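# Examining the three-dimensional arrangement
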Amino acid sequence: MKILITGGAGYIGSHTCVALMEQGYSLVILDNFSNSKPAVLDKLRKLNDNFVFYNVDVTNEEALERVFSNHKIDGVIHFAGYKAVGESVAKPLNYYINNVGSTMILAKVCQKYNVNKFVFSSSATVYGENKVPFKEEMELLPTTNPYGETKAMSERILMDVAKANPNFAVSILRYFNPVGAHESGLIGEDPNGIPNNLMPYITKVAKGELEKLRVFGNDYPTPDGTGIRDYIHVMDLAEGHVAAYKHLRKGVHIYNLGTGKGTSVLELVHAFEKANGIKVPYEIVERRPGDIAICYADASKAERELGWKAKRDIIDMCRDAWRFENLT
Ligand code: NAD
Ligand code: UFG
């Protein structure tokens, strides 16, 4: 019995592969390297080699069927997808085709091969401008970009599939802001080009590859005026997937994977400086269009039902992100 991991060469997928293999699961990893590099697999192999890999596009139904007929798949964890918010505004069709398309095709092949365990990567972005803390039962508010819409749509599609097939057991995981890297420093977040996200930008500034951080706005209704997010160590997030997989049961169950704690941009910058003894020069600039002021989870449902809770703190996140940056 194996778990199929789509997007397993990516940032969250690769860390989850490590956490699953540590627990004795054997894996079939799929990726088309649209946003990752084959070298990640060599690094994964150094940590644990209990996997096989296929270079497959998850929207390719025939290729997926070949994998399902070659392996006895117990369940799937579906990470594959595009995730750049700005790019989704410029290229909406690519996002709908890849993100919604891959979820539909994968769910279809699962039905055909009687694979009834399905874990899906969703995002806190589906809450839009709800009031914090975000709770799973809140009505979803329209997001400001096609990326967020692909997540909301994929969630609804999986709910309909589960209505039609009462044996389908789905866990929808809404991630908050994953940062940091595996403690070994072997794998981490390695975006192509100039990073969009805060932590990889900070590590590039600390390294001297970028001149200074631009803090997008200090006039938000927060104590220091900068945006607040719920940063979660990627290994905590990975362990959340192991818990979710173990607790899969019939129907659709939704969980926030966050810490429940908000940290502002300036607090993160200062935590990074403290954790690593290095200065991060920054300047305050205009707000970034589409950003919300505050986003953090009510993380109590995952603790109650999955027995999972984030263990690592902001200092761990900053230290591990910096270790990875220095080893790559
Ligand atoms: P990532 O880009 O590092 O990983 C995604 C992987 O999927 C990449 O390796 C990419 O090559 C692969 N991929 C994309 N489309 C594919 C396809 N059609 N077929 C096969 N492989 C394909 O991203 P990540 O940060 O690891 O995110 C994983 C998932 O979690 C995504 O669905 C993303 O939308 C979601 N998510 C991420 C965040 C975040 O902040 N990183 C937050 C919320 C949700
Ligand atoms: N920020 C800066 N400067 C930067 C980058 C970010 O000040 O160079 C600020 C942002 O304005 C925001 C905070 O840092 O206040 C975090 O921004 P990120 O871009 O790191 O993350 P977001 O919260 O905007 O979005 C992330 C993912 C989305 C996902 C969302 C879920 O990129 O895909 O988390 O909460 F949907």
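Residues numbered from 1 in each chain as written. Chains lettered and ligands numbered in written order. Predicted model: local features only at pLDDT ≥ 70, side-chain atom pairs only at ≥ 80, totals over all residues. Heavy atoms only, no water.

Applicable threshold: UniProt positions are given in the numbering used here, feature names are shortened, and annotations may be inferred rather than shown by experiment.
Going by the annotation in an unreviewed UniProt entry, the name recorded for the chain is UDP-glucose 4-epimerase, with Ureibacillus terrenus given as the source organism. Of the chain, the UniProt comment under Subunit (unreviewed entry) reads exactly: "Homodimer." Entered under Cofactor (unreviewed entry) in the UniProt record, the comment concerning the chain runs "NAD(+)".

### A closer look at the site of ligand 2
Heads up, the condition is: Only a single heavy atom is needed: when it lies within 4 Å of a molecule or strand, its residue is near that molecule or strand. The definition of a polar contact used here is a pair of N or O atoms within 3.5 Å, where within protein one atom must be able to donate a hydrogen and the other to accept one, and adjacent residues in sequence count solely through side-chain atom pairs. Only the protein chains shown count as cover for residues, and the accessible areas themselves come from Shrake-Rupley with a 1.4 Å probe. Each helix is a run of H or I in the DSSP string that is no shorter than four residues. Each strand is a run of E no shorter than two, and both are numbered from the N terminus. Residues were grouped as follows: Ala, Val, Leu, Ile, Met, Phe, Trp, Tyr, Cys and Pro as nonpolar; Asp, Glu, Lys and Arg as charged; and all remaining residues, including Gly, as polar.
Around ligand 2, the structure places 20 residues, and the nearest of them are Ser123, Arg214, Arg229, Arg288 and Asp291. Residue asparagine 177 places a side-chain N or O atom 2.9 Å away from an oxygen atom belonging to ligand 2. In the model, an oxygen atom of ligand 2 is placed 2.6 Å from a nitrogen or oxygen of the aspartate 291 side chain. For ligand 2, whose unbound accessible area comes to 690 Å², protein coverage reaches 89%. At four residues, strand E8 (residues 213–216) tops the list of elements feeding residues into the shell around ligand 2. Residues belonging to the shell around ligand 2 are distributed by class as follows: nine nonpolar, six polar and five charged.

### Examining the state of the cysteines
What counts is decided by this rule: The term disulfide is used for any two cysteine sulfur atoms that are within 2.5 Å.
Scanning the model with the defined rule gives zero disulfides in all. The closest cysteine sulfur to the non-disulfide-bonded cysteine 318 is located on cysteine 295, 18 Å from its own sulfur.

### Observations concerning empty space enclosed by the protein
So the rule is basically this: Of the grid points, spaced at 1 Å and generated over the protein atoms alone, those admitting a 1.4 Å probe that cannot get out make up cavities, while open sets with protein on both sides within 12 Å along at least five of seven lines make up pockets; any residue with an atom within 4 Å of a point is treated as lining. Grid points are joined across faces, edges and corners, and a volume is the space filled by probe spheres set on the points.
On inspection of all chains with the given rule, the structure shows two cavities of 30 Å³ or more. Size it by volume and the largest cavity reaches roughly 120 Å³. Lining of the largest cavity is provided by 15 residues; of these, Glu189, Pro200, Thr203, Ala321 and Phe324 occupy positions nearest its centre. If you list the elements that add at least two residues to the lining of the largest cavity, you get helix H7 (198–207) and helix H11 (314–327). In terms of residue count, H7 provides more of the lining of the largest cavity than any other element does, four residues in total.

### Remarks on the layout of surface pockets
Of the pockets and cavities examined, the second largest pocket occupies roughly 270 Å³. Lining of the second largest pocket is provided by 16 residues; of these, Thr259, Lys261, Ala310, Arg312 and Asp313 occupy positions nearest its centre.

### Re helix H1 (residues 11–22)
Definition in use: A helix is expected to reach a length of 1.5 Å times the quantity of its residues less one. The rule is simple: take the accessible area with a 1.4 Å probe, protein chains only, and divide by the maximum for that residue type; under 20% is buried, over 50% is exposed, in between is partly exposed.
Spanning 12 residues, H1 covers 17 Å between terminal C-alpha atoms, matching the ideal 16 Å at 1.5 Å per step. Those residues of H1 that fall on the buried side of the exposure criterion are Tyr11, Ile12, Gly13, Ser14, His15, Thr16, Cys17, Val18, Ala19, Leu20 and Met21.

### Re the packing of helix H3 (residues 61–70) against helix H5 (residues 92–112)
What counts, and what does not: Lines are fitted to the C-alpha atoms to define the axes, a helix being fitted only along its stretch in contact, and any angle between axes, read from their N-to-C directions, falls within 0 to 180 degrees. Our angle categories are set so that under 35 degrees counts as roughly parallel, over 145 as roughly antiparallel, 65 to 115 as roughly perpendicular, and the remainder as oblique. Two helices that cross are described as forming a left-handed crossing if the nearer one is turned anticlockwise from the farther one by less than a right angle, and a right-handed crossing if clockwise. Residues count as neighbours in contact if any of their non-hydrogen atoms are within 4.5 Å of one another.
With their axes 10 Å apart at the nearest point, H3 and H5 run at an angle of 40° to one another. In terms of their interaxial angle, H3 and H5 are classed as oblique. Judged by the twist between their axes, the crossing of H3 over H5 is right-handed. From H3, Glu61, Leu64, Glu65 and Phe68 reach across to H5, where they touch Ile105, Leu106, Lys108, Val109, Cys110 and Lys112. Grouping the constituent residues of the contact of H3 with H5 by class yields six nonpolar, no polar and four charged.

### Focus on the side chain of threonine 226
Considering the arrangement of structural elements, one finds threonine 226 in the loop between E8 and strand E9 (228–229). With a relative accessible area of 0%, threonine 226 lands in the buried category. Engagement of the side chain of threonine 226 in a polar contact is seen with the backbone nitrogen of valine 265, the distance being 3.3 Å. Here threonine 226 is in contact with Val215, Gly217, Asn218, Tyr220, Ser264, Val265 and Leu266, once residues within four sequence places are set aside.

### As for the site of ligand 1
Around ligand 1 sit 26 residues in total, of which Ile12, Asp31, Asn35, Ser36 and Asn98 are the nearest. Separating an oxygen atom of ligand 1 from a side-chain N or O atom of lysine 151 is a distance of 2.8 Å. Secondary-structure elements contributing two or more residues to the shell around ligand 1 are H1, strand E5 (117–123) and helix H6 (146–164). The dominant element in the shell around ligand 1, judged by the number of residues it contributes, is E5, at three residues. Among the residues forming the shell around ligand 1, the class breakdown is 11 nonpolar, 11 polar and four charged.

### Remarks on the nonpolar core
Quick note on the threshold: What makes a nonpolar core is a set of buried Ala, Val, Leu, Ile, Met, Phe, Trp, Tyr and Cys residues whose side-chain atoms join them at distances within 4.5 Å.
If you look at the biggest cluster of nonpolar residues, it comprises 39 residues, and the most contacted ones within it are Ile5, Leu27, Leu44 and Ile77. Secondary structure elements with two or more residues in this core: strand E1 (2–6), H1, strand E2 (26–31), helix H2 (39–47), strand E6 (169–175), helix H8 (234–246), strand E11 (251–257) and helix H10 (300–306). Ranked by the residues each element gives to this core, the list is headed by H8, at eight residues. Beyond its immediate sequence surroundings of up to four residues, isoleucine 77 is in contact with Ile3, Leu4, Ile5, Thr6, Leu20, Val119, His241 and Tyr245.

### Considerations on the sheet that holds strand E4 (residues 73–78)
Quick reminder of the rule: A strand pair is defined by DSSP finding two or more bridges across the two strands.
Strand order in this open sheet of seven strands is E3-E2-E1-E4-E5-E6-E11, and the pairing throughout is parallel. The two strands at the open ends of the sheet, each matched to only one other strand, are strand E3 (51–55) and E11. Ignoring which end each strand starts from, the neighbouring axes of this sheet average 20° apart. As paired elements, E1 and E2 share five bridges and run parallel to each other. Considered in E2, the bridge of lysine 2 is made with serine 26.

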